[in-house]
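# Overview (structure and organization)
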Amino acid sequence: MRTRNTNGLGLLWLFALLSLAIPSAEGAEKIGAEEVMKRAYLAEYYPGDDMKAKVLMRLVSGDGKERIREMTMLRKDLQEGGEQRYFIYFHRPPDVREMTFMVWKYPRRNADRWLFIPALKLVRRIAADDKRSSFVGSDFSYEDISGRGVEEDVHQLVREERLDGREVYVVESRPREARGTEFSRKLSWIDKTTFLPLKEEYYDTRGDLYKVFSADELKEIQGFWTITRRTMKNVQTGHRTEATFQEVRYNLKLSDTLFTERYLRAPPAEAVR
Amino acid sequence: MRRVALLKLWTPILLGGFVVPSHVQGFSLHGFVEVAGGLRVVEDSTQPKDLVLGEGRVQLEVSQEWKAGPRLFLKTDFLGDVADEAVTVDLREGYVDYSPLPNLDLRVGRQIITWGTGDFLFINDVFPKDYISFFIGRQPQYLKLASDALKASLFVGAVSVDLVAIPFFTADTVLTGERLSFYDGLTNQIVGKDASIVLTKPARTPANTEWALRLLRQFGSYEVALYGFKGFFHSPLGVRDSPRRELFYPELAVYGGSVRGPVLEGIAYLELGYYDSLEDRAGGNPFVENSSMKYLVGYERQAWSDFTLGLQYFVEQMLHFDRFTTSQPPGAPSRDEFRHLLTLRLTQLLRYQTVELSLFVFFSPSDQDYYLRPTVAYKITDQLTGVLGANLFGGAKQSTAFGQLEANDNVYLRLTYGF
């Protein structure tokens, strides 16, 4: 008995030494849940200094009815992990065509949002709340599009496992402030190599699963790993939204002046085509 | 008349657009087809028809852009109107955009100009409006009328300067008795189809060119704007010849400002304007609208998921009110020095934002009148939208803005296919 115990301990020591000496699979080191989520936030929302993409969203209802949202999205980071500017120009459907949407995003406070309605030549300020508003009627919330601050949740590393052949961290996040947040708990499967979320599960205030995110296609573009196809599915209603990012370009040196009322009213052709 | 004449001018360009194949770079053709019908729901003895809205409309939007060059934009409505028994072609917008300098944008032609902060309430947005379209249930875009103008926008650092010259006057579309009955200040009664009012527009002379200016600057999350205008009232607020029933558009200057930005998880705005009635600065002329001060404060916020609430408080203060009261002929309807107006907007989106329930309420505690605009909109598909709505008016007196419209309550349905 005694000898066996000693052997067991010895084996543990051996493993510990080995794991220190030899990096584990995919080269990931031991990091905390908070750090995983910080890196995931930067990987998903801040790659490059700026970005342009054509986004196609398919909104599919439980009974198979399909709606399309097509837009050009521009993003510029003022600081890595900090303030950002977004510019979204809608191509489809007809009732929102040529509408432009501008967001000035700040860490730790509500974003400023403007909408230009071309038929009235009207610039409106939008009072919508990021956390609970659906983006253009899709299953994605505003927060899903422009990111939720890492510090808004308490994170815990649940386990490490393989998902579709990739090594992942599974992190559980709970909002620090329940008020105004749709989910009570979120599980994220964060890829150890790219730090992109491969899957997310959102649980509602009753603790039931209601939304599932999946990264369906990853591509390396100009050295940045990018989710080029993603789905958000509401498992309670059966409604889902598939978003495809096409013609993704990084580091275009977008000018700050692009994100002003001037271009909200008259978006330059080269920026939105 | 003017619209028809201009249409002739534009037709070759418009038709030229159609023969250009759609794959030509920078060319686009879009628009919608719409049928709309609206019925009066209360008896109105002054109107022969119960139909207030009955039309088929095709709107075509043609745009041609040249790489790093100008852009041409034309928006034309082809309208078959059962209520008016007329077929009309209306060039809604037709302009060219050009940027001769990196910080200068020019827009020349027929264009809709909008600025200011109010929601269906306008102080510094003095540009022409079509109130009839608003009251009978056409799309909200028809509230705004285009101006034939040159607009220059200059961007200097954080400040943008918009200067507009409007050489050709466009009037508001106001109540003249066609379709809707209204209170006739000349005879102090409600009149309708046979109101026969003569509207005399300002002469088309270079000196009558209207000018408008806006300076806009953003301070953090707050937008601050200053406005100026010199031209005419766009509603006929002057009486030239009472027996002939001739109204005119008195000269007007407006000076104002606004600020808008986030307050308490919502958006708040404040706007004010001084309306200087240039043909009656002393306020003693009973035939010309007095000068006034207009104040607006508004607040909008999301109360819960896909539900927004908007509140506005608007005050119009007549200046030289004592001279107004002493100069009024006997029997003229009384007016208050202060007109208070409250508005409420409730919007709930449902079913992945394909259903929109909305209610807009105007209520004036001083005039004791109201105007309700309930609508239900359903996006049947991405292309096809149906809207069911109503315009409901009422008031204690016949002479107030909404009280006069009491007999015009209507319910309408619109079906729009966009492409």
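Because the structure is predicted, anything quoted here is derived from the model rather than measured. Numbering of residues starts from 1 in each chain and follows the order in which that chain's sequence is written. Each chain gets a letter, beginning with A, and each ligand a number, beginning with 1, in the order they are written. For a predicted model such as this one, the threshold for reporting local features is a pLDDT of at least 70, and the threshold for listing and counting side-chain atom pairs is 80 or more; totals across whole chains, interfaces and linings nevertheless cover every residue. To get the side-chain values, take all heavy atoms of the structure and skip hydrogens and water.

## Some points on the overall build of chain B
For chain B, the helix and strand inventory stands at 3 helices and 23 strands. By principal-axis analysis of the C-alpha atoms, chain B measures approximately 70 × 50 × 50 Å. Each residue gets one of three labels from its accessible area relative to the maximum for its type: buried under 20%, exposed over 50%, partly exposed in between, using a 1.4 Å probe on protein chains only. Residues counted as buried form 52% of the 419 residues belonging to chain B. Put simply, of all contacts in chain B between residues at least 6 apart along the chain, 57% involve residues at least 24 apart. Using a 1.4 Å probe, the Shrake-Rupley method yields the accessible areas, and only the shown protein chains count as cover for residues. Of the roughly 18500 Å² that chain B leaves accessible, carbon and sulfur atoms contribute 64%. Labels follow the DSSP assignment, with helices taken as runs of H or I lasting at least four residues and strands as runs of E lasting at least two, numbered in each case from the N terminus. Residue contacts follow a heavy-atom distance rule, with two residues in contact if any of their heavy atoms lie within 4.5 Å.

## Description of the pattern of salt bridges
Salt bridge criterion: a side-chain nitrogen from Lys or Arg within 4 Å of a carboxyl oxygen from Asp or Glu. Per the stated rule, a full pass over the model turns up 64 salt bridges over all chains. Measuring nitrogen to oxygen at the nearest pair gives 3.0 Å for the salt bridge that ties Glu55(B) to Arg138(B). One end of the pair, Glu55(B), is in strand E2 (residues 51-65); the other, Arg138(B), is in the loop between helix H2 (131-136) and strand E6 (147-156), and 83 residues separate them in sequence. The structure contains a network of salt bridges with shared partners spanning Arg97(A), Glu98(A), Glu61(B), Glu65(B), Arg71(B), Asp97(B) and Arg107(B).

## Description of the pairing of strand E13 (residues 238-241) of chain B
Residues and elements named next belong to chain B. Summarising the sheet, E13 and strand E14 (residues 246-248) pair through 3 bridges and their orientation is antiparallel. Of the residues in E14, the one forming a bridge with Gly238 is Phe248. Strand pairing requires that DSSP identify at least two bridges connecting the strands. If you look at the hairpin formed by E13 and E14, you'll find 4 residues sitting between the two strands, and Arg245 has a positive phi there, around 60°.

## Structural notes on the interface of chain B and chain A
Across the boundary between the two partners, chain B contributes 51 residues, which contact 42 residues of chain A. By convention, the term buried area covers the 1.4 Å-probe accessible surface removed from two parts as they join, with the contributions of both added. Carbon and sulfur atoms make up 40% of the area that chain B and chain A hide from each other, which totals about 3700 Å². The largest per-residue losses of area from chain B upon contact with chain A belong to Gln302(B), Tyr352(B) and Asp382(B), which jointly make up 21% of the total buried on that side. Along the contact surface separating chain B from chain A lie 9 salt bridges. With a closest N to O distance of 3.1 Å, Arg124(A) and Glu300(B) form a salt bridge. Counting residues per element, the side of chain B that touches chain A draws most heavily on strand E17 (residues 292-304) of chain B, which supplies 5 residues. Three residue categories are used. Nonpolar comprises Ala, Val, Leu, Ile, Met, Phe, Trp, Tyr, Cys and Pro, charged comprises Asp, Glu, Lys and Arg, and polar comprises the others, including Gly. When the residues that make up the side of chain B that touches chain A are grouped by side-chain class, the tally is 16 nonpolar, 18 polar and 17 charged.

## A closer look at unusual backbone geometry
With omega at -5°, the peptide bond leading from Arg92(A) into Pro93(A) counts as cis. Here Pro93(A) lies in the loop between strand E3 (84-92) and strand E4 (100-106). Phi angles above zero are rare outside glycine, and Glu247(A) is one such case at about 45°. Structurally, Glu247(A) can be placed in strand E13 (residues 240-250). Backbone geometry places Arg245(B), a non-glycine residue, at a positive phi of 60°. Judged by its relative accessible area of 15%, Arg245(B) is buried.

## Considering helix H2 (residues 33-45) of chain A
Helix span, expected: 1.5 Å multiplied by one less than the number of residues in the helix. Compared with an ideal rise of 1.5 Å per residue, which puts 13 residues at 18 Å, H2(A) spans 18 Å between its outermost C-alpha atoms and is within 8% of the ideal. Every buried residue of H2(A) is listed here: Ala33(A), Val36(A), Met37(A), Ala40(A), Tyr41(A), Ala43(A), Glu44(A) and Tyr45(A).

## Details of the confidence of the model for chain A
Regions with low pLDDT carry predicted coordinates that are not meant to be interpreted in detail. All names here are of chain A. pLDDT is defined as a per-residue confidence score from the predictor, taking values between 0 and 100. Looking at chain A as a whole, its pLDDT mean stands at 89, while 89% of the residues score no less than 70. Long-range and interchain partners of residues 1-9, a stretch whose pLDDT sits below 50, account for 0 contacts in this model, where long-range means more than four residues apart. In the predicted structure, residues 14-28 sits below a pLDDT of 50 and forms 5 contacts with residues beyond four places in sequence or in another chain.

## Quick look at the environment of Phe140(A)
Residues and elements named next belong to chain A. Within the secondary structure layout, Phe140 lies in the loop between strand E6 (122-125) and helix H3 (142-146). Put simply, Phe140 and Lys233 are 93 residues apart on the chain and 9.0 Å apart in space, counted from C-alpha to C-alpha. In contact with Phe140, other than residues within four places in its own chain, are Met57, Ser133, Ser134, Phe135, Ile145, Phe213, Arg230, Thr231, Met232, Thr241 and Ala243.

## Let's talk about the side chain of Glu261(A)
Summarising the element assignment, Glu261(A) is placed in helix H4 (residues 261-265). Judged by its relative accessible area of 15%, Glu261(A) is buried. The contacts of Glu261(A), once residues within four sequence positions are left out, are Met102(A), Val123(A), Arg214(B) and Leu216(B).

## So, the nonpolar core
Residues belong to one nonpolar core when they are buried, are Ala, Val, Leu, Ile, Met, Phe, Trp, Tyr or Cys, and are joined through side-chain atoms within 4.5 Å. Residues Met57(A), Phe90(A), Phe101(A) and Phe135(A) are the most contacted members of the largest nonpolar core, which totals 61 residues. Per-element tally for this core: the top contributor is H2(A), with 7 residues. With near-sequence residues (within four places) excluded, Phe135(A) lies in contact with Met57(A), Met71(A), Ile88(A), Phe90(A), Phe101(A), Phe140(A), Ser141(A), Tyr142(A) and Ile145(A). Grouped together as the second largest cluster of nonpolar side chains are 47 residues, Val52(B), Ile113(B), Ala225(B) and Leu296(B) included.

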